[in-house]
Amino acid sequence: MLEQIRIVLVETSHPGNIGAVARAMKNMGLSRLVLVRPKVFPSPEADARASGAQDLLAAARVVDDLEAAVADCPVVIGASARKRSTLWTAMDPREMAALALEQTAHGTVALVFGRERTGLTSAELDRCSHLVHIPANPDYSSLNIAMAVQVLGYELRMAVLTEQPVSVTVAESDPPATAAQMEGLFAHLEQALHDIGFLQTGREGRIMQRLRRLFHRARPDQREVNILRGILSAAQGAKSMRAPEADSSDRPGVASGGGEPHASR
Ligand code: SAH
């Protein structure tokens, strides 16, 4: 559960904040930290602020981009100090914790935090399947990054502590698509929409953003992503949907059936 939650910090400027995040995480029972291009790391300042949580810093993974940090995750939750646009419906921390906990059944859930000054870019938010916002004072809503990790970490911990045992039925369905598979779908979709003349160069940004939201909301599983990509390939003319002969002879049989006896009881 909590070990299935990955905290991702994007381009953190102050090493002291990284240390404070590690401490907040360890207090709440979180242990997996990934740093995307930290300005200064490792650092004595980070160690000092981590206090007894240097082990988390020692185990932290440093990567070059957000993609590498979340590629394997079926759920990627961006933490935002602002309510961005109407495209996004942000969860509150409690809703986030319930969802995150439920989704750990499928794999690692990433919680992504932005830069101290500028937060997450809209391209980075586009990579997230969900958004969480701590409903702070609207006139002063930006928390220090370690405080934000603390609040969200607390909600995750409470969700674990108060979790009701459930009879799990999720195992029967196909696994949810990972972030990397969703990105593959979006790249394919954009290309196909160009190929069929739907998208015009220079106008794809807004439409792709809306389509990303739509597919993230739908939360397709891996098989569904494959079906969608098959449809895209067919639309691109890469393959034909029509089976040569069987097609016409099959249809009447499918449509009829009125003369069949309804039941033998
Ligand atoms: N000035 C930036 C905020 C940076 S705070 C901005 O306006 O976007 C650093 C990070 O802490 C944010 O990117 C976000 O991940 C997290 N954070 C801060 N306040 C938050 C809040 N109210 N809700 C959710 N996350 C928050």
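Above this text you will find the structure in question.
Residues numbered from 1 in each chain as written. Predicted model: local features only at pLDDT ≥ 70, side-chain atom pairs only at ≥ 80, totals over all residues. Heavy atoms only, no water.

Student: Quick question: what am I supposed to make of the sheet that holds strand 1 (residues 5–10) here?
Tutor: Consider a sheet: its strands pair through backbone hydrogen bonds, and that pairing is either parallel or antiparallel. Reading across from one edge, 3-2-1-5-4-6 is the order of the six strands in this open sheet, with parallel pairing throughout. Here the strands that pair on one side only, and so sit at the sheet edges, are strand 3 (61–63) and strand 6 (130–132). Shown here is a sheet whose adjacent strand axes are inclined to one another by a mean of 25 degrees, direction ignored. Sheet topology note: the strand 1/strand 2 (residues 32–36) ladder contains five bridges and is parallel. Across the sheet, the residue bridging to Arg 6 is Arg 32, located in strand 2. Here helix 5 (residues 93–103) sits on the sheet in contact with strand 1, strand 4 (75–79), strand 5 (109–113) and strand 6, set at roughly 160 degrees to strand 4. (Pairing = 2+ DSSP bridges. Helix = DSSP H or I, 4+ residues; strand = E, 2+ residues; numbered from the N terminus. Axes fitted to C-alpha atoms, helices over the stretch in contact; angles between N-to-C directions. Contact = heavy atoms within 4.5 Å.)

Student: Can you walk me through the nonpolar core in this structure?
Tutor: Across soluble globular proteins, you tend to see nonpolar side chains buried next to one another. Ranked by size, the top nonpolar core spans 40 residues in total, and within it Ile 7, Ile 77, Met 96, Leu 111 and Phe 113 carry the most contacts. In terms of residue count, the dominant contributor to this core is helix 7 (residues 145–161) (seven residues). Discounting residues that sit within four places of it in the chain, Leu 111 has contacts with Ile 5, Arg 6, Ile 7, Val 8, Ile 77, Met 96, Val 132, Leu 152 and Leu 156. Membership of the second largest hydrophobic core comes to 18 residues, among which are Val 36, Val 70, Trp 88 and Cys 128. (Core = buried A, V, L, I, M, F, W, Y, C linked by side-chain atoms within 4.5 Å. Buried < 20%, exposed > 50% of the residue type's maximum accessible area, 1.4 Å probe, protein only.)

Student: Sorry, what's going on with helix 1 (residues 15–28) here?
Tutor: Along an α-helix, a turn takes 3.6 residues, which lines up residues three or four apart on a common side. Taking 1.5 Å per residue as the helical rise, helix 1 with its 14 residues ought to reach 20 Å, and the 20 Å between its terminal C-alpha atoms agrees with that figure. Inspection of helix 1 places Pro 15, Gly 16, Asn 17, Ile 18, Gly 19, Ala 20, Val 21, Ala 22, Ala 24, Met 25 and Met 28 among the buried residues, and these make up the whole buried set. Along its buried surface, helix 1 packs onto strand 1, strand 2, helix 2 (44–50), helix 3 (54–59) and helix 7. Of the residues trailing helix 1, Gly 29 is marked for its positive phi of about 85 degrees. (Expected span 1.5 Å × (residues − 1).)

Student: Looking at this structure, I do not really get the pairing of strand 4. What am I missing?
Tutor: Successive residues of a regular strand alternate their side chains across the two faces of the sheet. With five of its five residues buried, strand 4 lies for the most part within the structure. Neither face of strand 4 is exposed, since Val 75, Ile 77 and Ala 79 on one face and Val 76 and Gly 78 on the opposite face are all buried. Inspection of the sheet shows strand 4 paired to strand 5 by four bridges, in the parallel sense. Residue Val 75 lies in a different strand from strand 5, and its bridge partner there is Val 109. Here three bridges tie strand 4 to strand 6, and the two strands are oriented parallel to one another. Considered in strand 6, the bridge of Gly 78 is made with Leu 131.

Student: For this particular structure, what's the right way to read the site of the ligand?
Tutor: Taken together, 20 residues sit near the ligand, with Ala 79, Arg 117, Ile 134, Ser 141 and Leu 143 positioned nearest. Between an oxygen atom of the ligand and a main-chain N or O atom of Gly 114, the distance comes to 3.0 Å. In the environment of the ligand, a nitrogen atom lies 2.8 Å from a nitrogen or oxygen atom belonging to the backbone of Ile 134. For the ligand, the accessible surface in isolation is 550 Å², of which the surrounding protein chains cover 93%. (Near = heavy atom within 4 Å. Polar contact = N/O pair within 3.5 Å; in protein donor to acceptor, adjacent residues only side chain to side chain. Areas by Shrake-Rupley, 256 points an atom, 1.4 Å probe, with all protein chains shown as cover.)

Student: In this structure, what is going on with the pairing of strand 5? I would like to understand it.
Tutor: Of all the five residues making up strand 5, five are buried; the element is thus mostly covered by neighbouring parts of the structure. Covered by surrounding structure in strand 5 are Val 109, Leu 111 and Phe 113 together with Ala 110 and Val 112, the residues of both alternating faces. Bridge analysis of strand 1 against strand 5 gives five bridges, and the strand direction is parallel. Residue pairing for strand 5: Arg 6 is matched across the bridge by Ala 110.

Student: Just to check I follow, could you spell out the packing of helix 5 against helix 7 for this structure?
Tutor: Between two packed helices, what matters for the description is the angle formed by their axes and the separation of those axes. Across the interface, helix 5 lies against helix 7 with an axial gap of 8 Å and an inter-helix angle of 55 degrees. Between helix 5 and helix 7, the angle is such that the two are oblique. As helix 5 packs across helix 7, the resulting crossing turns out to be right-handed. Together, Pro 93, Arg 94, Met 96, Ala 97, Ala 100 and Leu 101 of helix 5 and Val 151, Leu 152, Glu 155, Leu 156, Ala 159 and Val 160 of helix 7 make up the contact between the two elements. The residue inventory of the contact of helix 5 with helix 7, partitioned by class, reads ten nonpolar, no polar and two charged. (Parallel < 35°, antiparallel > 145°, perpendicular 65-115°, else oblique. Left-handed = near helix turned anticlockwise from the far one by under 90°. Nonpolar A, V, L, I, M, F, W, Y, C, P; charged D, E, K, R; others polar.)

Student: Looking at this structure, how should I read unusual backbone geometry?
Tutor: Negative phi values dominate among residues other than glycine, just as trans dominates among peptide bonds. Backbone torsion omega between Phe 41 and Pro 42 reads -5 degrees, so that peptide bond is classified as cis. Take Pro 42: it is sitting in the loop between strand 2 and helix 2. The phi dihedral of Arg 219 is positive, around 45 degrees, even though this residue is not glycine. Within the fold, Arg 219 resides in the loop between helix 9 (204–218) and helix 10 (222–235).

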